[in-house]
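Structure assessment
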Number of protein chains: 2
Amino acid sequence: MEFDLIEAIRARMNVARGDVALGIGDDAALLDVPAGRQLVACTDTLVAGVHFPDHAAPEDIGWKALAVNLSDLAAMGAEPAWALIALTLPDADARFVERFADGFAALAGQHNVALVGGDTTQGPLSITVTALGFVPHNAALARAGAGVGDTVFVTGTLGDAAAAFQVRGLGPGTGDPKKRHTELLARLDRPEPRLGAGLALRGLANACIDVSDGLLADLGHVCAASGVGAELNADALPLSSALTANFDAEACRQFALAGGDDYELCFTVPSVRETEVVEKLARTGCRATRIGRIAAGSGVRVLDSRGSEIATPRRGWEHFVP
Amino acid sequence: MEFDLIEAIRARMNVARGDVALGIGDDAALLDVPAGRQLVACTDTLVAGVHFPDHAAPEDIGWKALAVNLSDLAAMGAEPAWALIALTLPDADARFVERFADGFAALAGQHNVALVGGDTTQGPLSITVTALGFVPHNAALARAGAGVGDTVFVTGTLGDAAAAFQVRGLGPGTGDPKKRHTELLARLDRPEPRLGAGLALRGLANACIDVSDGLLADLGHVCAASGVGAELNADALPLSSALTANFDAEACRQFALAGGDDYELCFTVPSVRETEVVEKLARTGCRATRIGRIAAGSGVRVLDSRGSEIATPRRGWEHFVP
């Protein structure tokens, strides 16, 4: 039965890559890494009841399990290539597996990711995906590297997924199109990894991270790894109209600073290259907003429009925090 | 707290490899695959209550989570290099994590495997490890490739882990040293992946698989992938003295044919190379036993000493089988 489930997943994948010498069906996959490239590898787990509701749509679970990993590759400036799935299921529900695979395949197809391995086991529902990709030697973006004076940017908009987490279960929202929750929920359930932006930032960004735990927490990681601090302009945080239509300014700021699951990229660039960054990302269809600057010291401070520091909310989503 | 747990694991690892350009602590690892090598990748999950008892020693869980993956690399003839851990835990039990990491590190140290990535999440206890290694181009061992007339071999002894599963909880066994259960339990809790044997079999074996689901099931996969059948000699199955001292002949045969968790290698070689194989593996400290031959047709038949087919037990461990 294990083999039928893996076969059910494999059968729904629609990406074939010439660099897969041996895919699903043996003890391990055999893969050809292109000459001159470094391998980029990451793994992330989604657990039912923790990272998604127990009754989430299987298609959304499949999509998101891959998306959170591709977001890590994006933050490295990597080109994705292959993925492995470890799927733990309470029972052998073929329809669940097919729908899960459809969601996974939809995102994999967009980014030319081939599924090359998998394991299905019985147990409480959880999914671990390992994503593999490439970067040219010495071209990867890392957390370390932010320099004092760098401008801090973020792609897209922040806080939508955290807001969606709050409105989940409240229904579709009001009749006013702007106040419907559909867009917010899509940000939570079907995050779009910023792979094109990551590629565009090679050779431009000094440091980069994906915003999964919340902007303050993740920019904090960049600062710690780089030995610097950061100052953010609270009024500059990019917010979607779906967010501002449904929540007041203070709630929006909280979501944008401390909410998780954004899967945007936060990165720093030398200030002389600000315009170049905005234009280059715009050509990939991605908005980039200047939200602050790197400063000497440590930690992330948030400033209001008069330059006064404001109290910051809890520093992002971390597991096992009481 | 998530970062503290990962750091607790990282701090207990004792392998540093020059081919790790960027390890734990960024969005993804950056790895250098040697020129002329193919990447070999696999992933396997262990779930509490399914693959190990709820109160198993954390050191054993850490060891086994890596061992089952290294066994897959061994079956490909691969040299292991890197691993990623996705650890899901009910609560942030630092002592559990340290002990888990100690067991993982003990095996990783034996085989020069560097931990390069990880994720810790809250949820029911389970561990997914992804193992990465290399083989020279076109040197990997696969399941397909067994030819009619090939001799079927298996490394080590079979059935010990399945027997241990049965005696677990019965205590240490009788006072007779041969009838103690210690050796059997060690086979279940601390399997030794056959990496040296896998390397030695490059260029020798026509097909290879690791015996994780049980000999009949796994040799069945080789036969299906190769489009052949196999005949096994029931009396040739290699059994440990720890097994034969504790169980009658029929039980030993059942464990050896259908028990899982052996993590030995089952492989086929052209019959003219039988002696060469036995001698070459002996030099790696690994016993190899001739247990049958590849035949035309399909499926695995088990023959007694007079050449008559005998009824075979259930075909190995599969998840979701009622």
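Residues numbered from 1 in each chain as written. Chains lettered and ligands numbered in written order. Predicted model: local features only at pLDDT ≥ 70, side-chain atom pairs only at ≥ 80, totals over all residues.

**Details of the domain arrangement of chain A**
Residues and elements named next belong to chain A. Our working definition: For the domains described, the bounds stem from an automatic or database domain assignment. Helix numbers and strand numbers start at the N terminus; a helix is a DSSP run of H or I with at least 4 residues, a strand a run of E with at least 2. Under the scheme applied here, ten amino acids are nonpolar (Ala, Val, Leu, Ile, Met, Phe, Trp, Tyr, Cys and Pro), four are charged (Asp, Glu, Lys and Arg), and all others, including Gly, are polar.
Here chain A is partitioned into domain 1 (2-136) and domain 2 (151-303). Taking the mean C-alpha position of each, domain 1 and domain 2 sit 26 Å from one another. Mapped by element, the contributors of at least two residues to the side of domain 1 that touches domain 2 are α2 (58-75) and β4 (79-89). The dominant element in the side of domain 1 that touches domain 2, judged by the number of residues it contributes, is α2, at 11 residues. A per-class count over the side of domain 1 that touches domain 2 returns 10 nonpolar, three polar and four charged.

**Here's the deal with the packing of helix α4 (residues 160-167) of chain A against helix α5 (residues 182-189) of chain A**
All names here are of chain A. What counts is decided by this rule: Here, axes are lines fitted to C-alpha atoms. For helices the fit covers the stretch in contact, and angles between N-to-C directions go from 0 to 180 degrees. Should an angle lie under 35 degrees it is considered roughly parallel, over 145 roughly antiparallel, and from 65 to 115 roughly perpendicular; all remaining angles are considered oblique. What counts as a contact is two residues whose backbone-derived C-beta atoms lie within 7 Å of each other.
The geometry of α4 relative to α5 is characterised by a closest axis approach of 7 Å and an angle of 110 degrees between their N-to-C directions. In terms of axis orientation, α4 runs roughly perpendicular to α5. Listed contacts from α5 to D160, A161, A163, A164, F165 and V167 of α4 are L184, L185, R187 and L188. For the contact of α4 with α5, the per-class residue count stands at eight nonpolar, no polar and two charged.

**Some words on the nonpolar core**
We apply this condition: Linking buried Ala, Val, Leu, Ile, Met, Phe, Trp, Tyr and Cys residues through C-beta atoms within 7 Å yields a set, and such a set is a nonpolar core. Three exposure classes are used, based on other C-beta atoms lying within 10 Å of a residue's own C-beta, which is placed from the backbone: buried for 20 or more, exposed for 12 or fewer, and partly exposed in between.
Within the largest apolar cluster, 221 residues are counted, with the highest numbers of intra-cluster contacts made by V40(A), A41(A), V40(B) and A41(B). In contact with V40(A), not counting residues within four places along its chain, are L73(A), M76(A), A78(A), L132(A), G133(A), F134(A), V135(A), A140(A), A28(B) and L30(B).

**Side note on the confidence of the model for chain A**
Residue and element names in this part refer to chain A. Where we set the bar: Per residue, pLDDT captures the predictor's confidence, and it can take any value from 0 to 100.
Per-residue pLDDT for chain A averages 93, and the proportion of residues at 70 or more is 96%. Note that pLDDT drops below 50 for residues 316-322; the model gives that stretch 25 contacts with residues more than four away or on any other chain. With pTM at 0.95, the complex prediction returns an ipTM value of 0.94.

**A look at the interface of chain B and chain A**
Applied cut-off: Any two strands with at least two DSSP-identified bridges between them are counted as paired.
Each partner contributes residues to the interface: chain B has 53 residues there, and chain A has 53 residues. Contributing elements (two or more residues each) for the side of chain B that touches chain A: β1 (20-22), β2 (29-31), β3 (37-47), α2 (58-75), β4 (79-89), β5 (114-122), β6 (126-136) and β8 (207-211) of chain B. For the side of chain B that touches chain A, the element with the most residues is β3(B), which contributes nine residues. Partitioning the side of chain B that touches chain A into residue classes produces 29 nonpolar, 13 polar and 11 charged. Bridging between strand β2 (residues 29-31) of chain A and β3(B) involves three bridges; their strand directions are antiparallel. Its bridge partner being in β3(B), A29(A) is matched across the sheet by A41(B).

**Let's talk about the sheet that holds strand β12 (residues 299-303) of chain A**
Residue and element names in this part refer to chain A. With mixed pairing, the six strands of this open sheet are ordered in space as β8-β10-β7-β11-β9-β12. Edge strands, defined here as strands with exactly one partner in the open sheet, are β8 (207-211) and β12. Adjacent strand axes in the sheet meet at a mean angle of 25 degrees when their direction is disregarded. Here strand β9 (residues 229-233) runs beside β12; their pairing, made up of five bridges, is parallel. Counterpart to G229 in the pairing with β12 is G299.

**Some points on the relation of the copies chain B and chain A**
Heads up, the rule is: Each copy is superposed on the other by least squares, with the fit set by C-alpha atoms of residues at a pLDDT of at least 70 in both.
The two copies are related by a screw motion: chain B maps onto chain A through a turn of 180 degrees and a shift of 0.0 Å along the axis, at an RMSD of 0.0 Å. Seen this way, the second copy is the image of the first under a two-fold rotation axis. A shared interface surface links the copies, since 100% of the contact residues of chain B are contact residues in chain A too.

**Overview of the pairing of β8(A)**
All names here are of chain A. Burial analysis of β8 places five of its five residues in the buried class, the great majority of the element. Here β8 runs beside strand β10 (residues 264-269); their pairing, made up of five bridges, is antiparallel. Opposite D210, over in β10, you have L265 as the bridge partner.

**A short note on the sheet that holds strand β9 (residues 229-233) of chain B**
Residues and elements named next belong to chain B. Spatially, β8-β10-β7-β11-β9-β12 is the arrangement adopted by the six strands of the open sheet, whose pairing is mixed. Both edges of this open sheet fall to β8 and β12 (299-303), since each of them pairs with a single strand only. Averaged over all pairs of adjacent strands, the angle between their axes in this sheet comes to 25 degrees, without regard to strand direction. Direction of pairing for strand β7 (residues 151-155) relative to strand β10 (residues 264-269): antiparallel, over a ladder of four bridges. In the strand pairing of β10, V154 is matched with C266. Contacts from α2 reach β8 and β10 within the one sheet, and its direction differs from that of β8 by about 165 degrees.

**Looking at the pairing of β7(B)**
Note on strand geometry: in a regular strand, side chains alternate between the two faces of the sheet. All names here are of chain B. Summarising burial for β7: four of the five residues are buried, a large majority. Pairing geometry for β7 and strand β11 (residues 288-295), over five bridges, is antiparallel. Paired with V154 across the two strands is T289, which belongs to β11.

**Digging into unusual backbone geometry**
In the Ramachandran plot, N112(A) falls in the positive-phi region, its phi being about 60 degrees despite a non-glycine side chain. Here N112(A) lies in the loop between α3 (94-111) and β5 (114-122).

**Some details on helix α9 (residues 249-258) of chain B**
Considered for burial, the residues of α9(B) that qualify are C252(B), R253(B), F255(B), A256(B), L257(B) and A258(B). Buried residues belonging to α9(B) abut α4 (160-167), α7 (215-226), α8 (241-246) and β12 of chain B.

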